[in-house]
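If you want the building blocks of each chain, they are given just below.
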Amino acid sequence: MTSDELKALVRTVPDFPSAGILFRDITTLVADPRGLAGAIAQLARLAPSDVAAVAGIEARGFIFGAALAAHLGCGFVPVRKAGKLPVPTIGVDYALEYGQARIEIDPTLIAAGRRVLLVDDLIATGGTALAAAQLLREAGAQCDHALFVIDLPELGGAARFRAAGLRADALIAFAGH
Ligand code: AMP
């Protein structure tokens, strides 16, 4: 499946969740049997060979991250929104366009010094992915590479990620916000 075919499976919903936002909805892509398998096969091609675990960011990062982990034959670590994990966590607060958010992980799931590949559906400003990479590093992982299905390059997230010395790759890109 080509990148153009994958891109055609993403549904764009204007003015969600607020006016002026073009929401890039991946539910149409994953509902398509060729779309889900095609995205996972392409993500797997971009994955480094020594991945010990894939970490996916709640919620849509769980879909791609868990399927990619199974494809690569490694484990999956959920990066969760605050208050969801039933065990002691470590967390990081980060800025959103309007307000603040917090993500958390169970640090006992991380093997010290092993490479964890970060996965999410989309990178916009990069704030979420940078916070997740910081958190995984605080837990002792080597986390220097993230994969996304979609990049919104005009929002600068992938460039920010690279400026921080991390690698960011995406399967497709959309112009605008
Ligand atoms: P950011 O932290 O700005 O890079 O935002 C990335 C996170 O917000 C990802 O988890 C995305 O799922 C979500 N997100 C941001 N902008 C959009 C958008 N235009 N369409 C769909 N999801 C988005």
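What you see is a predicted model; the values in this text were computed from it and never measured.

## Digging into the site of the ligand
Then step 1. Around the ligand, 14 residues are found, and the nearest of them are R60, D121, T125, G126 and T128.
Then step 2. At 2.5 Å from an oxygen atom of the ligand is found a side-chain nitrogen or oxygen belonging to T125.
Then step 3. Considering the ligand on its own, with 490 Å² of exposed area, one finds that the protein chains cover 81% of that surface.
Then step 4. Under a 2 Å grid-point criterion requiring more than half of the atoms, the pocket assigned to the ligand is the largest pocket.
Then step 5. If you list the elements that add at least two residues to the shell around the ligand, you get β2 (22-25), β7 (115-123) and α5 (127-138).

## Quick look at the nonpolar core
Proteins that are soluble and globular tend to have nonpolar side chains buried together.
Then step 1. Residues I103, L118, L136 and F161 are the most contacted members of the largest nonpolar core, which totals 30 residues.
Then step 2. Counting residues per element, the ones that place at least two in this core are β3 (51-57), β4 (75-81), β5 (90-95), β6 (100-105), β7, α5, β8 (145-151) and α6 (157-163).
Then step 3. Sorting elements by how many residues they give to this core places α5 first, with 7 residues.
Then step 4. Aside from chain neighbours lying at most four places away, what touches F161 is L118, I123, A129, L130, A133, A146, L166, R167 and A168.
Then step 5. L29, L43, V54 and F64 belong to the second largest nonpolar core, which has 25 residues in total.

## Side note on the packing of aromatic side chains
Then step 1. Applying the stated criterion across every chain yields a total of 3 aromatic pairs.
Then step 2. Residues F62 and F76 carry aromatic rings whose centres are separated by 5.9 Å and whose planes lie at 85° to one another, so their mutual orientation is edge-to-face. Pair noted here: F62 is in helix α4 (residues 60-72) and F76 is in strand β4, with a separation of 14 residues, a long-range link.
Then step 3. Judged by relative accessible area, which is 22%, F62 ranks as partly exposed.
Then step 4. You can call F76 partly exposed: its relative accessible area is 28%.
Then step 5. Looking at K7, its charged tip hangs above the ring of F174, at a distance of 4.9 Å from the centre.

## Some points on the side chain of R24
Then step 1. The residue R24 is located in strand β2 in this model.
Then step 2. Excluding residues within four positions of it along the chain, R24 makes contact with V10, R11, T12, L122, I150, L152, F174, A175 and H177.

## Quick notes on α4
The α-helix winds at 3.6 residues per turn, so residues separated by three or four positions along the chain end up facing the same way.
Then step 1. When the terminal C-alpha atoms of α4 are compared, their 19 Å separation across 13 residues agrees well with the 18 Å that a helix rising 1.5 Å per residue should span.
Then step 2. Buried within α4 are the following residues: G61, F64, G65, L68 and A69. End-on view of α4: buried residues confined to an arc of 130°, all on one side of the axis.
Then step 3. Packing partners of the buried residues in α4 comprise α2 (27-31), α3 (33-46), β3, β4, β7 and β8.
Then step 4. One or two steps after α4, the chain reaches G73, where phi turns positive at roughly 80°.

## Side note on the layout of surface pockets
It is a probe the size of a water molecule, rolled over the atoms, that shows where empty space is left.
Then step 1. Approximately 1,200 Å³ is the volume found for the largest pocket.
Then step 2. Lining the largest pocket are 35 residues, and of these R60, L96, L122, A124 and T128 sit closest to its centre.
Then step 3. Contributions of two or more residues to the lining of the largest pocket are made by β2, β5, β6, β7 and α5.
Then step 4. When its residues are assigned to classes, the lining of the largest pocket shows 20 nonpolar, 7 polar and 8 charged.

Cut-off values and rules
Residues numbered from 1 in each chain as written. Predicted model: local features only at pLDDT ≥ 70, side-chain atom pairs only at ≥ 80, totals over all residues. Heavy atoms only, no water. Near = heavy atom within 4 Å. Polar contact = N/O pair within 3.5 Å; in protein donor to acceptor, adjacent residues only side chain to side chain. Areas by Shrake-Rupley, 256 points an atom, 1.4 Å probe, with all protein chains shown as cover. 1 Å grid on protein atoms, 1.4 Å probe; cavity = no way out; pocket = protein on both sides within 12 Å on 5 of 7 lines; lining within 4 Å. Sits in = over half its atoms within 2 Å of the grid points. Helix = DSSP H or I, 4+ residues; strand = E, 2+ residues; numbered from the N terminus. Core = buried A, V, L, I, M, F, W, Y, C linked by side-chain atoms within 4.5 Å. Buried < 20%, exposed > 50% of the residue type's maximum accessible area, 1.4 Å probe, protein only. Contact = heavy atoms within 4.5 Å. Phe/Tyr/Trp six-rings, centres within 6.5 Å; stacked < 30°, edge-to-face > 60°. Lys NZ or Arg CZ within 6 Å of the ring centre and 35° of its normal. Expected span 1.5 Å × (residues − 1). Arc of directions from axis to C-beta. Points joined across faces, edges and corners; volume = space filled by probe spheres on them. Nonpolar A, V, L, I, M, F, W, Y, C, P; charged D, E, K, R; others polar.

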